[in-house]
Amino acid sequence: MRKVIGIGETILDIIFKDGRPTAAVPGGSVFNGMISLGRLGCQVEMISEIGNDRVGRFIVDFMRENGVESSHVAMYQDGRSAISLAWLNEHNDADYMFYKDYPNARLEVDWPEIEADDIVMMGSYFVLNPVLREKVRSFLSYARERGAFIYYDFNFRSSHRDEAVRLRADVLENLEYADVVRGSTEDLDNLFGRNDPDDVYVREVDFYCHHMVCTDAAGDITLLTPRLRKNYHVERIDTVSTIGAGDNFNAGVVYGLLCNDVKRDDLDTLSEPVWDHVIQTGMRFAAEVCKSFENSISCEFAGKESQG
């Protein structure tokens, strides 16, 4: 079985609605997708770091309960697990406040075994953070040498927009490693100062990574490849929380790639019907996660998907 290996931040999200705490859910941009894939029965491993405290142990137990291998999660003694306060607005979109107390030594873990066409999922500021960059680069080089299929989610928040120029070389290096990249129109604007997916694909992405998916909050999704440019209409839905929507779109895309047994060498000749299935799976996952305060697809939904 092909493995899915995620590398990214692990955090506890405390979700507020109407000024009151409503839920406390383990999260992180890559982590959320890993939990969904674990619930689907995929072989999933997570590379991350967390404090050896009550929050950290709670999150590790949550991972194990949902089928995510945790042996590559560094549990540090000097510091505390990260926490975020997520304040939902009238559209159920979140505004975050983060509380982090990391040790000086970061990401002290051995890399997992990787076989050809195992899928590596990476994204957000975690893989650009100057403190972690050398270790992330080491892991990506190892993954590429082993023939991994690498999926990169920009997930670049406006809070880091003033760092975009300084981080540009690292963003482009990530694109060189990546086989598929996903970004929202907000990500594109924060990183490149423009949000038109066709323009960004031609000017910034295609030279490094030939396959890009662009999401636009509740708007349409755009697929751009050397052979295909296509829009997918997104139906409006009532939401409880949009936290994890993009993360689970990523999980759905990866699950669609696995279901269709798409390997790295298949991407350049992938047919339109297969791309349709992959993108539509991502759309279903994103819509599902918006129906609750969970950051991942429900176990019930996962059971139906894995049977279908």
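So, here is what we can say about the structure in this document.

What counts as what
- Residues numbered from 1 in each chain as written.
- Predicted model: local features only at pLDDT ≥ 70, side-chain atom pairs only at ≥ 80, totals over all residues.
- Heavy atoms only, no water.
- Salt bridge = Lys/Arg side-chain N within 4 Å of Asp/Glu carboxyl O.
- Helix = DSSP H or I, 4+ residues; strand = E, 2+ residues; numbered from the N terminus.
- Buried < 20%, exposed > 50% of the residue type's maximum accessible area, 1.4 Å probe, protein only.
- Pairing = 2+ DSSP bridges.
- Axes fitted to C-alpha atoms, helices over the stretch in contact; angles between N-to-C directions.
- Core = buried A, V, L, I, M, F, W, Y, C linked by side-chain atoms within 4.5 Å.
- Contact = heavy atoms within 4.5 Å.
- Parallel < 35°, antiparallel > 145°, perpendicular 65-115°, else oblique.
- Left-handed = near helix turned anticlockwise from the far one by under 90°.
- Nonpolar A, V, L, I, M, F, W, Y, C, P; charged D, E, K, R; others polar.

1. As for the pattern of salt bridges
Moving on, step 1. Tallied over the entire structure, the rule returns 28 salt bridges.
Moving on, step 2. Measuring nitrogen to oxygen at the nearest pair gives 3.5 Å for the salt bridge that ties R133 to D170. Of this pair, R133 sits in helix 3 (residues 133–145) while D170 is found in helix 4 (residues 164–177), placing the two residues 37 residues apart along the sequence. Both residues of the pair, R133 and D170, belong to the buried class.
Moving on, step 3. Ionic pairing is found between R133 and E173, a salt bridge with its closest N-O pair at 2.8 Å. Of the two residues, R133 is situated in helix 3 and E173 in helix 4; the sequence distance between them amounts to 40 residues. In this structure, R133 and E173 share a single accessibility class: buried.

2. Thoughts on the sheet that holds strand 7 (residues 80–88)
What links the strands of a sheet is backbone hydrogen bonding, and the strands pair in either a parallel or an antiparallel sense.
Moving on, step 1. Taken in spatial order, the four strands line up as 3-2-7-8 in an open sheet, and their pairing is mixed. Edge strands, defined here as strands with exactly one partner in the open sheet, are strand 3 (20–27) and strand 8 (94–101). Going from strand to strand, the sheet's axes swing by 20° on average, the running direction of each strand aside.
Moving on, step 2. Both strand 2 (residues 11–17) and strand 3 contribute to a ladder of seven bridges, which runs antiparallel. Along strand 3, the bridge assignment pairs I15 with A23.

3. Here's the deal with the nonpolar core
Moving on, step 1. Counting 49 residues, the largest nonpolar core has L37, M121 and F249 as the members making the most contacts within it.
Moving on, step 2. Aside from chain neighbours lying at most four places away, what touches M121 is V4, I5, G6, I7, V30, M34, L37, Y151, N250, A251 and V254.
Moving on, step 3. Within the second largest apolar cluster, 42 residues are counted, among which are L107, V127, I150 and V181.

4. So, the packing of helix 3 against helix 4
Moving on, step 1. Running from N to C, helix 3 and helix 4 cross one another at 15°; their axes reach a closest spacing of 10 Å. For the element pair helix 3 / helix 4, the angle class is roughly parallel. Note that helix 3 runs across helix 4; the crossing there is left-handed. Two secondary-structure elements touch here, helix 3 through R133, R137, L140, S141 and R144 and helix 4 through D170, E173, N174 and Y177.
Moving on, step 2. For the contact of helix 3 with helix 4, the class distribution of residues is two nonpolar, two polar and five charged.

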